[in-house]
Amino acid sequence: MFINILLLILGMALLVKGADWFVNGSSAIAKALRIPPLVVGLTLVSMGTSAPEASVSIHSALNGMSDMSIGNVVGSNIFNTLLILGVSSIIVPLSVSKEMKKYDVPVMIVIYAVLILFSFVITPFRLDIYEAVTMLVIFIGYTVFLILRTNRENQRKKKSGQISGEQRAESNAKPLWLSLLFFFVGLAGIIFGGNIVVDNAAAVAKALGMSETLVGLTIVAVGTSLPELVTSIVASIKKEDAIALGNVVGSNIFNIVFILGLSSAISPLTFDRTAITDMAVMFGSGLLVMIIALIGKKTTRIQGILMTFLYIAYFIYIIIRN
């Protein structure tokens, strides 16, 4: 267990440094390619930090472990929304853009509702191939929508003269190849660090007598969300609010429509009645984010404390339930 603890510390160090480089690289790429930071957070960053969830859920689907696949995604989304946004807001209140309020948070809530409809109404306690295809089509559609939004934003900036001003600022920025190097090295650090943390945290937990079910619902779900946690906290400290928020919302959308979509396309996923509670908590956390976004231009530390407290209460509930 001593070796597991050392590897756990190493994994955390990789996560922290990887996230630092990843945020720097993502922000620089956004400026160099004139991609809005929010779109970078919703796509490059969210997909990159969701790599551990994708790995675990797809591996679980291939091995017939449906509960692990579903639990990992739903648990990660609850962690992303309540704890990551909560802790990030406690450190530095985050600005919420009009586009986030108008498009991305409502899309996330609609996707949650679609998942619940599929899971408990259309095919109760099961996700079939038809539902998998529907989710993958939604993922493609949302990605295309983000690309169109980027093009529209660049056209607007071009007409207003913002592009030429940004081009002058870019002359002092780091070269694109260096930004890409930071991005990919940081992403590698996040992915490998996340895998090391999950594997060794699970080993330590089992050595301490925790059941495999409890490990799956807590250690795996939390562990695979560590990249999002570290990335969003680092982004909030660096005042990259769009990346911090975009990372969480984008990851939540990506986890459902791509990871669960692909997992259930590989093999139909079945789950038990306890998933009703977990998906209800996930949906409720999404509504909470929507309410917070609508009542102000920024999150507050009080809201951050509330979200963090709600996650701790849910975590305790999971332990008692299992």
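Preceding this section is the structure that the text describes.
Let me begin by describing the structure that accompanies this report.

Rules behind the numbers
- Residues numbered from 1 in each chain as written.
- Predicted model: local features only at pLDDT ≥ 70, side-chain atom pairs only at ≥ 80, totals over all residues.
- Heavy atoms only, no water.
- Helix = DSSP H or I, 4+ residues; strand = E, 2+ residues; numbered from the N terminus.
- Rg over C-alpha atoms; globule rule 2.2 N^0.38 Å.
- Buried < 20%, exposed > 50% of the residue type's maximum accessible area, 1.4 Å probe, protein only.
- Areas by Shrake-Rupley, 256 points an atom, 1.4 Å probe, with all protein chains shown as cover.
- Lys, Arg positive; Asp, Glu negative; His and termini not counted.
- Charge placed at Lys NZ, Arg CZ, Asp CG, Glu CD.
- Patch = residues over 30% accessible without salt bridge, like charges linked within 9 Å, V, L, I, M, F, W, Y side chains within 5 Å.
- Salt bridge = Lys/Arg side-chain N within 4 Å of Asp/Glu carboxyl O.
- Expected span 1.5 Å × (residues − 1).
- Arc of directions from axis to C-beta.
- Contact = heavy atoms within 4.5 Å.

1. Observations regarding the overall build of the chain
So, step 1. A tally of regular secondary structure across the chain gives 13 helices and 2 strands.
So, step 2. Here the C-alpha atoms of the chain give a radius of gyration of 19 Å, agreeing with the 20 Å that 2.2 N^0.38 yields for 322 residues.
So, step 3. Dimensions of the chain, computed from C-alpha atoms along their principal axes, come out at roughly 60 × 50 × 40 Å.
So, step 4. A burial count over the chain gives 51% of its 322 residues as buried.
So, step 5. Accessible surface, the chain: about 14200 Å² in total, of which carbon and sulfur atoms supply 72%.
So, step 6. Taken as two groups, the 23 positive and 17 negative side-chain charges of the chain have centres that lie 13 Å from each other.

2. Concerning a nonpolar patch on the surface
So, step 1. Residues M1, F2, I3, I5, L6, L7, I9, L10, L14, F192 and L208 make up a contiguous nonpolar surface patch of about 1100 Å² in total accessible area.
So, step 2. Ranked by residues supplied to the nonpolar patch, first place goes to helix α1 (residues 2–32) with 8 residues.
So, step 3. As for its position among the elements, L6 is in helix α1.

3. Digging into helix α8 (residues 176–207)
So, step 1. Across its 32 residues, α8 extends 46 Å between first and last C-alpha, which sits within 8% of the 46 Å expected from 1.5 Å per residue.
So, step 2. Residue G209 follows α8 closely and has a positive phi angle near 95°.

4. Structural notes on unusual backbone geometry
As a rule of thumb, non-glycine residues mostly have phi less than zero, and peptide bonds are mostly trans rather than cis.
So, step 1. For F125, which is not glycine, the phi dihedral falls at a positive 60°.
So, step 2. Along the polypeptide, F125 turns up in the loop between α5 (98–122) and β1 (126–127).

5. Some details on helix α13 (residues 301–321)
So, step 1. With 21 residues, α13 should reach 30 Å at 1.5 Å per residue; the first-to-last C-alpha distance of 30 Å fits that figure.
So, step 2. Listing the buried residues of α13 in full gives Q303, G304, M307, T308, Y311, Y314 and I318. In an axial view of α13, the angular spread of the buried residues amounts to 135°, which keeps them on one side of the axis. What points out from α13, more than 90 degrees from its buried face, is the exposed set I302, F309 and I320.

6. Points about the environment of G186
So, step 1. With respect to the helices, strands and loops of the structure, G186 is situated in helix α8.
So, step 2. When the C-alpha positions of G186 and P106 are compared, they lie 30 Å apart, and in sequence the two are 80 residues distant.
So, step 3. Beyond its immediate chain neighbours, meaning those up to four positions away, G186 contacts G18, W21 and F22.

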